[in-house]
Amino acid sequence: MISHHPHLAMVNRYVLCYVAVTVTLPSFGTVAVEERFVMNSYAPVKAIALQRTPAAVIRAAVDVARDALGSDVAFGAIGSRAAEFPIASAKGIRDPRWNSIVVRPHTGLGGEVLARGHPMIVADYASDAHISRDFVEIVARGEGLRAVACAPVLGPAGVEALLYAGAHLEGVLGDRAVTVLEQLSAFASVGLEQIRARELELELARLRERERLAGRLHDSVAQRLFTIGAVAQASRAQGDPNSLIDAIEEIEATAADARRELRETLLKLHRDPENLAFDVQLDGELRLLENVTGCAVRVVRHRTFTRMPDHIARLVIDAAVEGTRNAVKHGHAGVIEVEIVYDEGRLSLAVRSLAVDGPLEQPGSASATGTGTGIRTLRTRAERLGGSLRLTAVSTGRAVLRLDIPYNDMAVR
């Protein structure tokens, strides 16, 4: 018979659960098999895995690590192509030299984790014989850290990032810290993989868009060439000079239209991938969120935008993604509607949940008041364009994110 005895300990926002696993055998009685800490993974995995850039993934993992462990500091490093891992995010660090640290194989604690590919912990960073002395001056003497734990964030090509927690006192961090960092590193690996999946989806969308444009060009130019040939053939039977002039003018006009469409299509085919048609970008972003969260997203368009200015398109897409993410994260939405309306020089976006899979957060939360960092940043960007962004509650208690910006010559400039 196997029994589990959980002892819960709240550390800030995340729950760490101490689990003692025992096995009862008829001949030997009760024997302890495993003792470890596990994490309530639902909140942190959403906080980490839904980020949109590698730096944001590691930053979120660092924030969660410090909150979950109650450690003095937490920090992370992201790998570059040169097998170097500069510090990318830090919480609680005071020494101004910290961002100068670049981890390489066998340099410091992180260097040993890089070389070995598994987590490590040292009780006294300054004197531990298993790590090099490269960063002792900054880590131990400057920042005053003693216990430091590190876990690798793994990807298809090996270690992609390093996640750390540190304490000023010896012995504060232990097996619990290593277990939590391992779990958070796994969440970060998922986040980085989702970013790669998003990039592949967008690249696929770009290829499909180019194929569509190439096919349209082929059909359109072929039709115009046929028209030119037909007019030229008919003109052979014309004896009236005025009729011949009309035929030549029609041929010239048709040829000019073909050249114009050819130039426009070639421009679209060779433009920067980031300038991909707005509708394709939006669909790609929301499709990825559907895959990650399991939430269904319905887009309602009252106009198709294929040549929206880049800065406006990016704001609308970011607002749609942020609103959808918040509806899932804070409102437990199961179905979300993203509505885009263009009317009399104004462009409006509304993100609302149509169905929920769990209890709503209390109105006093940051998500309800719209004070989150993502919302604040989007609001600032909207106001710079002469628009507004609001997060309001409707009668059902659910929140609706609304973006409203001018869409005219002033906004485009």
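Residues numbered from 1 in each chain as written. Predicted model: local features only at pLDDT ≥ 70, side-chain atom pairs only at ≥ 80, totals over all residues. Heavy atoms only, no water.

## Side note on the overall build of the chain
Phase 1 of the analysis: Summing up its helical and strand segments, the chain has 11 helices and 14 strands in all.
Phase 2 of the analysis: Burial statistics for the chain: of 413 residues in total, 42% are counted as buried.
Phase 3 of the analysis: At a minimum sequence separation of 6, the contacts of the chain that also span at least 24 residues come to 58%.
Phase 4 of the analysis: Of the accessible surface of the chain, which amounts to about 21,400 Å², a share of 54% is contributed by carbon and sulfur atoms. (Helix = DSSP H or I, 4+ residues; strand = E, 2+ residues; numbered from the N terminus. Buried < 20%, exposed > 50% of the residue type's maximum accessible area, 1.4 Å probe, protein only. Contact = heavy atoms within 4.5 Å. Areas by Shrake-Rupley, 256 points an atom, 1.4 Å probe, with all protein chains shown as cover.)

## What about empty space enclosed by the protein?
Phase 1 of the analysis: Tallying each qualifying case throughout the model produces three cavities of 30 Å³ or more.
Phase 2 of the analysis: Its volume calculated, the largest cavity comes out at about 110 Å³.
Phase 3 of the analysis: Lining the largest cavity are 13 residues; nearest its centre among them are Leu-50, Gln-51, Arg-52, Leu-288 and Leu-289.
Phase 4 of the analysis: Among the elements of the structure, helix H5 (175-235), helix H7 (278-293) and helix H8 (310-329) are those that each provide at least two residues to the lining of the largest cavity.
Phase 5 of the analysis: When residues in the lining of the largest cavity are grouped by element, the largest group, four residues, is from H7.
Phase 6 of the analysis: Roughly 90 Å³ of internal volume is contained in the second largest cavity.
Phase 7 of the analysis: Lining of the second largest cavity is provided by 14 residues; of these, Phe-75, Tyr-125, Phe-135, Val-139 and Tyr-164 occupy positions nearest its centre.
Phase 8 of the analysis: Here the lining of the second largest cavity gets three residues from one element, more than from any other, and that element is helix H3 (residues 108-116). (1 Å grid on protein atoms, 1.4 Å probe; cavity = no way out; pocket = protein on both sides within 12 Å on 5 of 7 lines; lining within 4 Å. Points joined across faces, edges and corners; volume = space filled by probe spheres on them.)

## Digging into the pattern of salt bridges
Two side chains bearing opposite charge may form a pair once their charged atoms approach each other closely.
Phase 1 of the analysis: Using the criterion set out here, one finds 19 salt bridges in the structure.
Phase 2 of the analysis: Salt bridges sharing partners connect three or more residues here, namely Arg-52, Arg-314, Asp-318 and Arg-381. (Salt bridge = Lys/Arg side-chain N within 4 Å of Asp/Glu carboxyl O.)

## Quick look at a negative patch on the surface
Phase 1 of the analysis: Side chains of Asp-240, Asp-246, Glu-249, Glu-250 and Glu-252 sit close together on the surface and give a patch of like negative charge.
Phase 2 of the analysis: Take Glu-252: it is sitting in helix H6 (residues 241-270). (Patch = residues over 30% accessible without salt bridge, like charges linked within 9 Å, V, L, I, M, F, W, Y side chains within 5 Å. Lys, Arg positive; Asp, Glu negative; His and termini not counted. Charge placed at Lys NZ, Arg CZ, Asp CG, Glu CD.)

## Section: the packing of H8 against helix H10 (residues 373-384)
Phase 1 of the analysis: For the pair H8 and H10, the least separation of the axes is 11 Å and the interaxial angle reads 155°. Accordingly, the angle class assigned to the pair H8 and H10 is roughly antiparallel. Every pair of crossing elements has a handedness; the one defined by H8 and H10 is left-handed. Only Gly-374, Ile-375, Leu-378, Arg-381 and Ala-382 of H10 make contact with H8, whose side of the interface consists of Arg-314, Leu-315, Asp-318, Ala-319, Glu-322 and Asn-326.
Phase 2 of the analysis: For the contact of H8 with H10, the residue count by class is five nonpolar, two polar and four charged. (Axes fitted to C-alpha atoms, helices over the stretch in contact; angles between N-to-C directions. Parallel < 35°, antiparallel > 145°, perpendicular 65-115°, else oblique. Left-handed = near helix turned anticlockwise from the far one by under 90°. Nonpolar A, V, L, I, M, F, W, Y, C, P; charged D, E, K, R; others polar.)

## Re the nonpolar core
One broad trend across soluble globular proteins is that nonpolar side chains are buried collectively.
Phase 1 of the analysis: Ranked by size, the top nonpolar core spans 34 residues in total, and within it Leu-349 and Leu-403 carry the most contacts.
Phase 2 of the analysis: Elements with a minimum of two residues in this core: H7, H8, strand E11 (333-343), strand E12 (346-356), H10, strand E13 (388-393) and strand E14 (399-406).
Phase 3 of the analysis: Of the residues forming this core, the biggest block, 10 residues, is contributed by H8.
Phase 4 of the analysis: Beyond its immediate sequence surroundings of up to four residues, Leu-349 is in contact with Val-316, Ala-319, Ala-320, Val-338, Glu-339, Ile-340, Leu-401, Arg-402 and Leu-403.
Phase 5 of the analysis: The next biggest cluster of nonpolar side chains, apart from the first, holds 30 residues, and it includes Ala-47, Val-62, Leu-163 and Phe-187. (Core = buried A, V, L, I, M, F, W, Y, C linked by side-chain atoms within 4.5 Å.)

## Thoughts on the sheet that holds strand E9 (residues 158-167)
Phase 1 of the analysis: Pairing is antiparallel across the open sheet formed by six strands, whose spatial order is E6-E5-E4-E9-E8-E7. Here the strands that pair on one side only, and so sit at the sheet edges, are strand E6 (102-103) and strand E7 (120-122).
Phase 2 of the analysis: The pairing of strand E4 (residues 73-78) with E9 spans six bridges and is classified as antiparallel. Bridging from a neighbouring strand, Gly-76 pairs with Leu-163 of E9. (Pairing = 2+ DSSP bridges.)

## As for the confidence of the model for the chain
Phase 1 of the analysis: In this model, the chain carries an average pLDDT of 77, and 75% of its residues clear a pLDDT of 70 or more.
Phase 2 of the analysis: Mean pLDDT across the elements of the chain bottoms out in strand E1 (residues 2-11) (33) and peaks in E4 (96).
Phase 3 of the analysis: Scored below 50 in pLDDT, residues 1-38 shows 80 contacts in the model against residues more than four places distant or in partner chains. (pLDDT = per-residue confidence, 0-100.)

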